[in-house]
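A structural walkthrough
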Amino acid sequence: MDVNGTVAEGFEPVREAFVRNFETLGERGASVAVYRNGQQVVDLWAGTKDIDGTTPWEHGTAQVVRSATKGIAAAVLLLLHQRGQLDLDAPVGHYWPEFKARGKERVLVRHVLNHRAGLPVLDHPLTPEQALDPLRGPAAVAAQAPAWEPGTDHGYHALTYGWMLDELVRRVTGQGAGEWLAAQITGPLGLDLWLGLPDSEAHRVGRAGRVDGPEPTGGLRARPKRSVTEAYEDPASLTRRAFAAITPFPEQNDPAYRAAALPATNAIATADGLARFYATLIGDTAGASRLFTPETVELARAEESAGPDRVLVVGTRFGLGYMLHGSASPFLAPGSFGHPGRGGALGFADPESEIAFGYVTNGFRKTVTADPRAQGLVRAVRQSLGL
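The structure displayed is predicted, hence computed values, not measured ones. (Residues numbered from 1 in each chain as written. Predicted model: local features only at pLDDT ≥ 70, side-chain atom pairs only at ≥ 80, totals over all residues. Heavy atoms only, no water.)

**Some thoughts on the overall build of the protein**
In plain terms, the rule: Numbering of helices and strands runs from the N terminus, with a helix taken as a DSSP run of H or I at least four residues long and a strand as a DSSP run of E at least two residues long. As defined in this context, the radius of gyration uses C-alpha atoms, and a globule is described by 2.2 Å times the residue total to the power 0.38. Throughout this description, buried means an accessible area under 20% of the type-specific maximum (1.4 Å probe, protein chains only), exposed means over 50%, and partly exposed covers the range between. Contact between two residues is taken to exist if any of their heavy atoms lie within 4.5 Å; hydrogens are not considered. Residues scored as positive are Lys and Arg, those scored as negative are Asp and Glu, and His as well as the terminal groups of each chain are ignored. Working definition for charges: the position is that of NZ of Lys, CZ of Arg, CG of Asp or CD of Glu.
The secondary structure content of the protein amounts to 14 helices and 14 strands. Relative to the globule expectation of 21 Å for 387 residues, the C-alpha radius of gyration of the protein, 19 Å, shows essentially globular dimensions. The principal-axis extents of the C-alpha atoms in the protein amount to approximately 55 × 45 × 40 Å. A buried classification covers 60% of the 387 residues belonging to the protein. A fraction of 68% describes how many contacts in the protein between residues 6 or more apart in sequence connect residues 24 or more apart. Placing the 38 positive and 43 negative side-chain charges of the protein at their respective mean positions leaves the two points 5 Å apart.

Quick look at the structure:
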């Protein structure tokens, strides 16, 4: 396997784990980046740009990161709160009056971020064309009745999370989340990360697809326990309906899908862009001051929801917009916060060790929260640090 890039002294186990992903786990094309104390210590890439092609993956090749998008988008709301423009404990309807319909008057902004809004499903799913319209998703959520009393329980808002977040940003700033992200964060920092891919960058994005490999050993496995399997197979379950809020799901290689901004699911990034994004949340990086104050870091990673998830049907932990370290989604250490993408991608930060991590791939697997390729790399980072 021809692996390109560099690792700093002491981080050689990450390169070894990256090679194993190709040799034993069916990896086709991928990259991984790690920052420590704001400095890049791992930058590796290998394989092919397209899952079904022969063009080599290059430095700067990007991929859709699926639900790792949620952690990126969460930073927009938390920064608006940090700047005094948004109150996390205000009702969503304070900013978005149409949202109050059908018993949602008590849904708070924090409930959008901690998956306690009670709105993971749509009674009338959107078509792919409707989903790409930035007005249709929020309107559908505003017209939806909660599946449970808001604030009383949690369940993963797989797609509706993005529409609620996007409309809150639009009501407060006049811009969608993708526009605000580009203007305030990724553009000024020069990050290779987009929520709404510009035409000028489309040539850098690889074609993604499904890959098979050995069964993973953590998180939501390819052969999960019976209750999880039944939940995904039952058309009436919250699980099945949450992931079917767009039916059928858009083709993720479609240029129109990539150009749209769906803050729950379609950010596109390089591994370096994803890792440096998290590095800048928690500390200074080359040419950039930290984005989150220490108080905002604590908001991101303070446990807001924990226990049986009404949608994913396993135990999950969430802060405000971020998954937290746990059995469903292991990160580096108990204080880590971030978000996986279904089938592979992962980005997170660990403030105590000052580590930021990004992994992207063109091969989606059946995993939901803990892909074995990403987990192998995380274990290698842990080994490199002696944790």
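From this point, the narrative continues.
**Notes on the sheet that holds strand β5 (residues 193-194)**
Our working rule: Here the rule is simple: two strands pair whenever DSSP picks up at least two bridges between them.
An order of β4-β7-β5 is seen for the three strands of this open sheet, with the pairing classed as antiparallel. Unpaired on one side and paired on the other, β4 (63-64) and β5 mark the two borders of the sheet. Sheet topology note: the β5/strand β7 (residues 268-269) ladder contains two bridges and is antiparallel. Bridge pairing in β7 links W194 to I268.

**Things to note about empty space enclosed by the protein**
We apply this condition: Only protein atoms enter the 1 Å grid, on which a cavity is a set of points fitting a 1.4 Å probe that cannot get out and a pocket is an open set with protein on both sides within 12 Å along at least 5 of 7 lines, lining residues being those with an atom within 4 Å of a point. Grid points are joined across faces, edges and corners, and a volume is the space filled by probe spheres set on the points. Ten residues, namely Ala, Val, Leu, Ile, Met, Phe, Trp, Tyr, Cys and Pro, are considered nonpolar, four, namely Asp, Glu, Lys and Arg, are considered charged, and the remaining ones, Gly among them, are considered polar.
All told, the structure shown has one cavity of 30 Å³ or more when counted by the stated rule. Approximately 50 Å³ is the volume attributed to the largest cavity. What lines the largest cavity is a set of 13 residues, among which P340, G344, T369, A370 and D371 lie closest to the centre. A breakdown of the residues in the lining of the largest cavity according to their chemical character gives six nonpolar, six polar and one charged.

**Quick word on the packing of aromatic side chains**
For the record, the criterion: Each Phe, Tyr or Trp ring (for Trp, its six-membered ring) is paired with any other whose centre lies within 6.5 Å, and the angle between the two planes then decides the class: stacked below 30 degrees, edge-to-face above 60, tilted in between. A ring has a charge above it when a Lys NZ or an Arg CZ is no more than 6 Å from the ring centre and no more than 35 degrees off the ring normal.
Taken as a whole, this structure holds 12 aromatic pairs when the rule is applied. Joined through ring pairs, the aromatic side chains of Y156, Y232, F243 and F318 make up one cluster. Between R66 and the ring centre of F364, over which it is positioned, the NZ or CZ distance is 3.8 Å. Over the aromatic face of F243 sits the side chain of R342, whose NZ or CZ is 4.6 Å from the ring centroid.

**Focus on unusual backbone geometry**
Cis geometry marks the peptide bond from T247 to P248, where omega comes out at -10°. Within the element layout of this structure, P248 appears in the loop between α10 (238-243) and α11 (255-259). If you check the backbone angles, R102 has positive phi at about 60° while not being a glycine. As for its position among the elements, R102 is in the loop between α3 (92-95) and α4 (109-113). The class for R102 is exposed, based on a relative accessible area of 51%. Positive phi, normally seen in glycine, also occurs at E354, with a value near 55°. According to the relative accessible area criterion, E354 is partly exposed, its value standing at 41%.

**Here we look at the environment of T293**
Among the structural elements, T293 can be located in the loop between α12 (271-282) and α13 (294-301). Spatially, the C-alpha atoms of T293 and G363 are 35 Å apart, while their sequence positions differ by 70 residues.

**What to know about helix α7 (residues 160-173)**
Our working definition: Multiplying one less than the number of residues by 1.5 Å gives the expected span of a helix.
Between the first and last C-alpha of α7 there are 20 Å, a value that for 14 residues agrees with the 20 Å anticipated at 1.5 Å per step. A large share of α7 lies buried, amounting to 10 of its 14 residues. For α7, the complete set of buried residues consists of T160, Y161, G162, W163, M164, L165, D166, E167, L168 and V169. In the core, the buried residues of α7 are packed alongside α2 (69-82), α3, α4, α5 (128-131), α6 (136-142) and α8 (177-189). With its phi angle positive at about 85°, G174 sits one or two positions after the end of α7.

**Digging into the nonpolar core**
To be explicit about the condition: What is meant by a nonpolar core is a set of buried Ala, Val, Leu, Ile, Met, Phe, Trp, Tyr and Cys residues, joined one to another through side-chain atoms within 4.5 Å.
In this structure, W163, L281, Y322, F337 and F357 are the most contacted members of the largest nonpolar core, which totals 118 residues. The element best represented in this core is α2, accounting for nine residues. Judged by nonpolar contacts, the second largest core, of eight residues, contains A62, W194, A208 and F364.

**Looking at the pattern of salt bridges**
Filter applied, for reference: Salt bridges are counted wherever a side-chain nitrogen of Lys or Arg sits within 4 Å of a carboxyl oxygen of Asp or Glu.
Taken as a whole and assessed by the stated rule, the structure comprises 17 salt bridges. A salt bridge links R204 to D192, with the shortest nitrogen-to-oxygen separation between them at 2.9 Å. Here D192 lies in the loop between α8 and β5 and R204 lies in the loop between β5 and β6 (209-210), a separation of 12 residues in the sequence. The exposure class of R204 is buried, given its relative accessible area of 17%. E352 is paired through a salt bridge with R301; the nearest N and O atoms lie 2.8 Å apart. Note that E352 is positioned in the loop between β12 (346-350) and β13 (355-361) and R301 in helix α13, a separation of 51 residues in sequence. The buried category is assigned to R301, whose relative accessible area is 17%.

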